[in-house]
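Coordinate inspection notes
One letter stands for each residue in the lines below.
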Amino acid sequence: MPALHISEIKKYFGALLVLDGVSLDIEPSEVVAVIGRSGSGKSTMLRCINGLEKIQAGLIEVAGHRIGPQGGDLRSLRKEVGMVFQSYNLFPHLTVMENVTLAPKVVKGVDRKEAEAIAHDVLRRVGLAEKSGAYADELSGGQQQRVAIARSLAMQPKVMLFDEVTSALDPELTGEVLKTMEELADAGMTMVLVTHEMGFARQVADRTVFMHKGKVWEQGPSEELFANPQTPELRNFIAPSLK
Amino acid sequence: MAYQMNFTPVMALAPQLVEGALNTLILSGQAIVAGLAIGVVGAVSRTEGPRWLDRAVGVYVELFRNTPLLVQLFLIFFGLPYVGVRLSANMAAIIAIALNLGAYSTEILRAGLQAIPRTQIEAGLALGLSRLQVVRYVVIIPALQIIYPALTGQLTLTLLGSSIASAISATELTAAGARIESTTFRSLETFLCVAVIYIAMTFAFRFVYWRIGMWLFRRKAPPKPSLIADAIEVSRAGA
Ligand SMILES: Nc1ncnc2c1ncn2[C@@H]1O[C@H](COP(=O)(O)OP(=O)(O)OP(=O)(O)O)[C@@H](O)[C@H]1O
Ligand SMILES: [Mg+2]
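- For chain B, the name recorded in an unreviewed UniProt entry is ABC transporter permease subunit, with Microvirga makkahensis as its organism.
- Its UniProt record gives chain B the following Sequence similarities (unreviewed entry) comment, quoted word for word: "Belongs to the binding-protein-dependent transport system permease family. HisMQ subfamily."

- The name that an unreviewed UniProt entry assigns to chain A is ATP-binding cassette domain-containing protein, with the source organism given as Microvirga makkahensis.
- In UniProt, chain A has this text filed under Subcellular location (unreviewed entry): "Cell membrane".
- On record in UniProt, under Sequence similarities (unreviewed entry), the comment for chain A is "Belongs to the ABC transporter superfamily."

Printed below as a string of structure tokens:
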């Protein structure tokens, strides 16, 4: 059974069709990179997967929780799906520790001690155990993004979604975040990552999906897809990164 | 001939002023707690609730923001008995002032809630929090922080505005002043004393708001109330 099942989803913004029948099955521990031009619907797809956007047709299923055009049990689904955004979105009035323990405490009812133990564990995984008392504005962008990853991990999700999590970072800070993600991938996390880092997609993702005009235009094992693109659209898209 | 001020007759009745001041504190304290509660519920209803609730709260807000507090007080004090609700003057004053503050603080708090970036809310939802949990744990503190000066300013107006309760002979400070004035005929002295007590009370309240702010926004404390800061400066300079 796939960890994430997406079947024929359609998403409109008003009259604009942004996702035009997207289907995707992601196996447990699989790492899938999603690439494509600006406006091709990559972010929208991720946002639909955890219900931040409503879909108009199709079905999304994670760990037995389904959402469709009629909605569904969003909160149960979101417990299984972590999402990390381009703009980190740490809560500025809370310390790193409080950011990470909030959802386990409030959503899962985990008691404080246990939540802090979980937090220590995930903060150690992203290499920031010593920053637990800091506030977001005392951290670099890369550190903030790693805390955001830890905050999602603390909910022990089955699938993690990453939307261009290094795009807002200075080049010298992207490395530490990519490393964190690579370690997650190695540890067997199921991941969907929208990225403009072609090298990273090729190297870390088991499979790469090329989106174009709201459709899955082409997909395949990353190495193959980049080495041997089948469609002219993908060839055009990856040409600059191969130079 | 210059007017000779004489505070002695007024001072002889000082216990009445003290009692009036205490009643003002109790009355406005209760109205502030109730008014803020209304404001929080009103603001969250407007931002998170269904459209009909937003509309209903909107009507309440407009009614109370577009009529004088004194008229609201009269309507409640003289009107409610017609529907079988008898209220003491003080209770009518608390209700009127709380409803008035509730309307203003609904709008102030709503502005704060709406100033929080959508990305913060989405980050909370993505973690599995419900909308109300997002409001409570993610949005409310930063929102309060944005509108804190406007809100505490409104609370100071509420404290001072409680003087209109004297119009229905509630037993607060202004009413006590009026009574003393009518027996001593020392109008200027009486109301100077009353004014000084109001200043002392607003200072005390603003100090409390500041402490509460220090605690709520540990991250970025609000500036000290200026008059308190000034007073500290003056006392340092004197020492
Ligand atoms: N809330 C919205 N309302 C209206 N249109 C939207 C909204 N969000 C996205 N769109 C439109 O949907 C299309 C797909 O947007 P999306 O953000 O998914 O693209 P993307 O592939 O993530 O692009 P990028 O690489 O620039 O992030 C775009 O045409 C965009 O303008
Ligand atoms: Mg995007």
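On we go from here.
**Concerning the sheet that holds strand β4 (residues 57-62) of chain A**
Residue and element names in this part refer to chain A.
- Taken in spatial order, the five strands line up as β2-β1-β4-β5-β6 in an open sheet, and their pairing is antiparallel. Strands with a single pairing partner mark the edges of an open sheet, and in this sheet they are β2 (16-26) and β6 (71-72).
- As paired strands, strand β1 (residues 4-13) and β2 are joined by eight bridges and run antiparallel to one another. Directly across from Ile6, in β2, lies its bridge partner Leu24.

**Looking at the environment of Asn236(A)**
- Turning to its location among the elements, Asn236(A) is positioned in helix α9 (residues 232-242).
- Spatially, the C-alpha atom of Asn236(A) lies 22 Å from that of Val204(A), the residues being 32 residues apart in sequence.

**Details of the side chain of Thr184(B)**
All names here are of chain B.
- For Thr184, the position within the fold is in helix α8 (residues 173-184).
- A relative accessible area of 17% places Thr184 in the buried class.
- Filtering out sequence-adjacent residues up to four positions away, Thr184 remains in contact with Pro9, Val10, Leu13 and Thr190.

Thresholds applied
Every chain is numbered independently, its residues counted from 1 as its sequence is written. Each chain takes a letter, starting from A, and each ligand takes a number, starting from 1, following the order in which they are written. Only residues with pLDDT of at least 70 get local features here, since the model is predicted, and only at 80 or more are side-chain atom pairs given and counted; chain-wide, interface and lining totals rely on the full set of residues. Excluding hydrogens and water, the side-chain figures rest on all heavy atoms present in the structure. UniProt positions are given in the numbering used here, feature names are shortened, and annotations may be inferred rather than shown by experiment. In this analysis, strands are considered paired if DSSP registers two or more bridges between them. Secondary structure counts use DSSP, requiring at least four H or I residues in a row for a helix and at least two E residues in a row for a strand, with both numbered from the N terminus. In this scheme, a residue with accessible area under 20% of its type's maximum is buried, one over 50% is exposed, and one in between is partly exposed, where area comes from a 1.4 Å probe on protein chains only. Residue contacts are counted whenever heavy atoms from the two residues lie within 4.5 Å of one another.

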